[in-house]
Amino acid sequence: MKKLLAGALLSVSALTLAACGEDESSKLVVGASNTPHAVILEEVKPILEEQGIELVIESYQDYVLPNKDLDSGDLDANYFQHIPYFEAQKADFGYDFANAGEIHIEPIGLYSKKYGSIEELPEGATILMSNSVADHGRILAMLEAKGLIKLAEDVDKTKAEVKDIVENPKNLEFDANYESALMVQLYENEEGDAVLINSNYAIDAGINPLEDSIAIEEADESPYVNIIAVKSGDEDNKEIKALVEALKSKEIQDFILSEWGGSVVPVK
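First things first, this report covers the structure right here in the doc. Each chain carries its own residue numbering, running from 1 in the direction its sequence is written. Totals for whole chains, interfaces and linings use all residues, but because this is a predicted model, local features are given only for residues with pLDDT of at least 70 and pairs of side-chain atoms are given and counted only at 80 or more. Working from all heavy atoms in the structure, the side-chain values ignore hydrogens and water.

Bringing the pattern of salt bridges into the picture now. Note on definitions: salt bridges are taken to be side-chain nitrogens of Lys or Arg within 4 Å of carboxyl oxygens of Asp or Glu. Per the counting criterion, the structure on display carries nine salt bridges. Residue Lys-90 pairs with Glu-87 through a salt bridge whose shortest N-O separation is 3.6 Å. Here Glu-87 and Lys-90 lie together in helix 4 (residues 83-93), a separation of three residues that amounts to about one turn. Residue class for Glu-87 comes out partly exposed when judged on its relative accessible area of 40%. A salt bridge links Glu-217 to Arg-138; the nearest nitrogen and oxygen atoms lie 2.5 Å apart. Here Glu-217, found in the loop between strand 11 (215-216) and strand 12 (225-231), pairs with Arg-138, found in helix 5 (residues 133-145); they are 79 residues apart in sequence, far enough to count as distant. Bridged by salt links that share partners, the residues Asp-135, Arg-138 and Glu-217 form one connected network. To qualify as a helix, a DSSP run of H or I must reach at least 4 residues; to qualify as a strand, a run of E must reach at least 2; elements of each kind are numbered from the N terminus. Categorising residues by exposure relies on relative accessible area from a 1.4 Å probe, with only protein chains included: less than 20% of the type maximum marks a residue as buried, more than 50% marks it as exposed, and the intermediate range marks it as partly exposed.

Take a look at the structure:
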């Protein structure tokens, strides 16, 4: 009888310890674009696991749902958007979000199946760009830096629109009526004369932004840094801090540079 009682007590103790062990670990659910964000997060998983944090990655194909799901509480954080888009989303939808950490930059590129350089673009060439207004400023600023257009001097370039172009020597036509995720398909189908594509979509489709673009944004001059977004107040949570610290570690920064060779650039 004593042996049975001792065995029962040991079983209870084991279950109690197991339960305590489970309490010591925590789960962190992060929404991310497939590439490069989810790929980077996969590299972070073992780092967080060593700290008792289970990282669960939810992949998204669009730029709308990750913020909706963060707002609803389905996600603890998301990792897919740059700062100007983040700020625009907060203004448009009233999201009470915070920037928990700046991680990397994905230079946006101009691509063409018809022309091998921006100099070859003909008079009146049609340039296709997404309907993501938050990206229009960076696109136009990049085209200005490449000498294709000139923007009004008093315009905030992160908020520039086509109407802010004051000089357009080649009389380029801009068509901004497409979803961001469709830009690769338009490029592959040789629609328009040139197409602006976000690097995450380009890389996901096997396109090398550095080699395949005819013009690309200079990363070191870009304010379009991709961030970890959380609900306001959560930026101080230990799991979020651990995630940001891991993403900014030398191990992960070296991985980013090695994996994409400059098409994705970590920030310090």
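Having seen the model, we can carry on.
On to the packing of helix 2 (residues 34-49) against helix 9 (residues 238-247), then. At a minimum axis distance of 10 Å, the contact between helix 2 and helix 9 shows a crossing angle of 115°. As helix 2 packs across helix 9, the resulting crossing turns out to be right-handed. Only Ala-242, Leu-243, Ala-246 and Leu-247 of helix 9 make contact with helix 2, whose side of the interface consists of Ile-40, Leu-41, Val-44, Ile-47 and Leu-48. Looking at the contact of helix 2 with helix 9, its residues break down into nine nonpolar, no polar and no charged. Here an angle of 0 to 180 degrees is reported between the N-to-C directions of two axes, which are lines fitted to C-alpha atoms, with helices fitted over the stretch in contact. Left-handed describes a crossing whose near helix is turned anticlockwise from the far helix through less than a right angle; right-handed describes the clockwise counterpart. We call two residues in contact whenever any of their non-hydrogen atoms come within 4.5 Å of each other. Under the convention adopted here, Pro, Cys and the residues Ala, Val, Leu, Ile, Met, Phe, Trp and Tyr are nonpolar, Asp, Glu, Lys and Arg are charged, and Gly plus all remaining residues are polar.

To continue, consider the pairing of strand 6 (residues 126-130). In summary, the side chains of a regular strand alternate between the two faces of the sheet. With four of five residues buried, strand 6 is to be regarded as a mostly interior element. Relative to strand 9 (residues 173-178), strand 6 runs parallel, the two sharing four bridges. Bridge pairing in strand 9 places Ser-130 opposite Tyr-178. Strands qualify as paired when DSSP identifies two bridges or more between them. The sheet contact formed by strand 6 and strand 10 (residues 194-197) spans two bridges and is parallel. Within the sheet, the bridge partner assigned to Ile-127 lies in strand 10 and is Ala-194.

Before going further, it helps to examine the layout of surface pockets. Put plainly, a pocket is an open set of points on a 1 Å grid over the protein atoms alone with protein on both sides within 12 Å along at least five of seven lines, a cavity is a set where a 1.4 Å probe fits but cannot get out, and a lining residue has an atom within 4 Å of a point. Grid points are joined across faces, edges and corners, and a volume is the space filled by probe spheres set on the points. If you add up the space inside the largest pocket, you get close to 450 Å³. Around the largest pocket, the lining is made up of 22 residues, and of these Tyr-85, Ala-88, Ser-132, Val-133 and Ala-134 lie nearest the centre. When residues of the lining of the largest pocket are assigned to their parent elements, the largest contribution, six residues, is made by helix 4. For the lining of the largest pocket, the residue count by class is ten nonpolar, six polar and six charged.

Here helix 9 lies mainly inside the structure; seven of its ten residues are buried. Restricting attention to buried positions, one finds in helix 9 the residues Glu-239, Ile-240, Ala-242, Leu-243, Val-244, Ala-246 and Leu-247.

Time to look at the packing of helix 2 against helix 10 (residues 250-260). In the contact formed by helix 2 and helix 10, the axes pass within 11 Å of each other and the chain directions differ by 140°. As summarised for this structure, helix 2 and helix 10 are arranged oblique, according to the angle between their axes. Of the two possible hands of crossing, helix 2 and helix 10 adopt the one that is right-handed. Along its contact with helix 2, which presents Thr-35, Pro-36, Val-39, Ile-40, Glu-43, Val-44 and Ile-47, the element helix 10 presents Glu-251, Ile-252, Phe-255, Ile-256 and Trp-260. Class assignment of the residues belonging to the contact of helix 2 with helix 10 gives a composition of nine nonpolar, one polar and two charged. What sets the label is the angle itself: under 35 degrees gives roughly parallel, over 145 gives roughly antiparallel, 65 to 115 gives roughly perpendicular, and the rest give oblique.

On to a negative patch on the surface, then. Judged by side-chain charge, Glu-43, Glu-49, Glu-50, Glu-54, Glu-251 and Glu-259 come together as a negatively charged surface patch. Counting residues per element, the ones that place at least two in the negative patch are helix 2 and helix 10. With respect to the element layout, Glu-54 can be found in strand 2 (residues 53-60). Using a relative accessible area of 46% as the deciding quantity, one classes Glu-54 as partly exposed. Nonpolar side chains (Val, Leu, Ile, Met, Phe, Trp, Tyr) are joined into patches within 5 Å and like charges within 9 Å, using only residues with over 30% relative accessible area and no salt bridge. Working definition of accessibility: Shrake-Rupley area with a 1.4 Å probe, residue cover restricted to the visible protein chains. Only four residue types enter the charge count, namely Lys and Arg as positive and Asp and Glu as negative; His and the chain termini do not. Charge coordinates come from a single atom per side chain, which is NZ of Lys, CZ of Arg, CG of Asp or CD of Glu.

Before going further, it helps to spend a moment on the environment of Ser-33. Tracing the backbone shows Ser-33 in strand 1 (residues 26-33). The buried category is assigned to Ser-33, whose relative accessible area is 3%. As a C-alpha pair, Ser-33 and Gln-61 span 28 residues in sequence and 6.1 Å in three-dimensional space.

In summary, the pairing rule links any two rings of Phe, Tyr or Trp, Trp by its six-membered ring, whose centres are within 6.5 Å, and it sorts them by plane angle into stacked for under 30 degrees, edge-to-face for over 60 and tilted for everything else. Following the criterion strictly, the structure yields eight aromatic pairs and no others. For the ring pair Tyr-63 and Tyr-201, a centre distance of 5.4 Å and an interplane angle of 35° mean the geometry is tilted. In this pair, Tyr-63 is assigned in the loop between strand 2 and helix 3 (65-72) and Tyr-201 in helix 7 (residues 199-204), connecting sequence segments 138 residues apart. For the pair shown, Tyr-63 and Tyr-201 are each scored as buried. Relative to Trp-260, the ring of Phe-255 lies with its centre 5.8 Å away and its plane at 80°, an arrangement referred to as edge-to-face. With relative accessibility at 16%, the residue Phe-255 sits in the buried group.

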